[in-house]
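Residue-level structural notes
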Amino acid sequence: MSARRPTSGITTYGPAAAPDGELLHFSLPAHYVDAVVAAGGVPVLLAILDGLIIAGGGDIAPETYGGSGHETIYLVNPARDRFELALARAALERPELPLLGICRGMQVMNIALGGDLTAHVPDVFGDGVAHRLPPRVPTTHRVRIERSGILGEIFADDELPVCSWHHQAVRRLGRGLRAAAHAADGVVEAVVLDARPFALGLQWHPEMQAAEDPRQLRVFQVLVERARVRRRA
């Protein structure tokens, strides 16, 4: 059996505008990662964690969950898929670690627990609710929230507008997950793992509303509160 490759943590650059000029990103030149890999190590762009957020982004490769291809699937990165699925599974083995999956991150959580995805939302749910605008632009729609569990702690409203930027969605729920919010067309908009203090997936993008909407900021406040409790423990 070969020895486990050692990990090497790498800090990231500070926030800077992306090439499209629309969003700020924390980034790292790929040469750092490539050099550690070439040297036989595993690069990790994470510090010691008291909480974890799995971010949004491109689509997950269908073969990771037994799905089939679709012409609308884009920005597939198998290396990212493997990393984030391994990261999610490792996080899920630590019951006290606060875990938040956003958009793609919620889908990663679901797949890590044995669930799968709808490849293209309009094919199944129609066009009654726009979950993104063409070609790939965020939009806003309303979701209805089941206010039991962690969502009941975060949100005081039964319904609220959310920033939506996806074309895939949870289909079959993973082990232990409960659908906790839905769009008007039936798309699952939030999942919770009730067996844990804080394990939450949101299909929408609260980070894109947090500066203007204190309800969306509350998602991150509760995550940080739980992380602070974990650190003290």
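Residues numbered from 1 in each chain as written. Predicted model: local features only at pLDDT ≥ 70, side-chain atom pairs only at ≥ 80, totals over all residues. Heavy atoms only, no water.

**A word on the pattern of salt bridges**
Under the defined criterion, the tally for this structure stands at 12 salt bridges. A salt bridge links D116 to R171; the shortest N-O distance between them is 2.6 Å. Placement of D116 in the loop between α3 (104-112) and β7 (117-118) and of R171 in the loop between β10 (169-170) and β11 (177-183) is noted, with a sequence separation of 55 residues between them. Take D116: its relative accessible area is 6%, and that puts it in the buried class. (Salt bridge = Lys/Arg side-chain N within 4 Å of Asp/Glu carboxyl O. Helix = DSSP H or I, 4+ residues; strand = E, 2+ residues; numbered from the N terminus. Buried < 20%, exposed > 50% of the residue type's maximum accessible area, 1.4 Å probe, protein only.)

**Notes on α3**
The buried count for α3 comes to nine of nine residues, which makes it a mostly enclosed element. Looking only at α3, the buried set comprises R104, G105, M106, Q107, V108, M109, N110, I111 and A112. G114 occupies a position one or two residues after α3 and carries a positive phi of about 90 degrees.

**Digging into helix α2 (residues 78-92)**
The end-to-end C-alpha distance of α2, which contains 15 residues, comes to 21 Å, matching closely the 21 Å that a straight helix rising 1.5 Å per residue would cover. Taken together, the buried positions of α2 are D81, E84, L85, A88, A91 and L92. Mapping the buried residues of α2 onto a view down its axis gives an arc of 130 degrees, with all of them on the same face. Buried residues belonging to α2 abut β5 (52-54), β6 (99-102), α3 and β12 (188-193). Two or three places before A79, at the opening of α2, N77 has a side-chain oxygen 3.1 Å from that residue's backbone nitrogen. (Expected span 1.5 Å × (residues − 1). Arc of directions from axis to C-beta. Contact = heavy atoms within 4.5 Å. Polar contact = N/O pair within 3.5 Å; in protein donor to acceptor, adjacent residues only side chain to side chain.)

**Observations regarding the pairing of strand β8 (residues 139-145)**
Burial along β8 is one-sided: the face carrying T139, H141, V143 and I145 is buried and the face carrying T140, R142 and R144 is not. With six bridges joining them, β8 and strand β9 (residues 159-164) adopt antiparallel strand pairing. When the sheet's bridge partners are listed, V143 is paired in β9 with L160. Note that β8 and β11 share three bridges and pair antiparallel. Its bridge partner lying in β11, V143 is registered against A183. (Pairing = 2+ DSSP bridges.)

**So, the sheet that holds β12**
An order of β5-β6-β13-β12-β11-β8-β9 is seen for the seven strands of this open sheet, with the pairing classed as mixed. Looking at strand neighbours, the two that pair on one side only are β5 and β9, the edges of this open sheet. This sheet shows a mean twist of 25 degrees between the axes of neighbouring strands, independent of strand direction. Its contacts with the sheet put α3 on β5, β6, β11, β12 and β13 (199-202), and the angle it makes with β6 is roughly 120 degrees. (Axes fitted to C-alpha atoms, helices over the stretch in contact; angles between N-to-C directions.)

**Comments concerning unusual backbone geometry**
Cis geometry is found at the peptide bond from P134 to P135, where omega equals -5 degrees. Among the secondary structure elements, P135 is positioned in the loop between α4 (121-125) and β8. Its identity as a non-glycine residue notwithstanding, L75 has a phi of 50 degrees, on the positive side. Note on placement: L75 falls in the loop between β5 and α2. Here C103, not a glycine, exhibits a phi torsion of approximately 55 degrees, which is positive. Owing to a relative accessible area of 4%, C103 belongs among the buried residues under this scheme.

**Topic: the environment of L223**
Here L223 lies in helix α6 (residues 214-232). Looking at L223, the relative accessible area reads 7%, which means it is buried. Expressed as a C-alpha distance, the spacing of L223 and P206, which sit 17 residues apart in the sequence, is 13 Å. Contacts of L223, omitting those with residues within four sequence positions, involve I53, P98, L99, L100 and F198.

**A word on the side chain of H141**
Among the structural elements, H141 can be located in strand β8. A distance of 3.4 Å separates a polar atom in the side chain of H141 from a polar atom in the side chain of H131. Once residues lying within four places of it in the same chain are set aside, the contact partners of H141 are V129, A130, H131, L160, P161, V162, S164, A183 and E189.

**Quick word on the side chain of D50**
You can see D50 is positioned in the loop between β4 (42-44) and β5. In this structure D50 comes out as buried when scored by relative accessible area, which is 18%.

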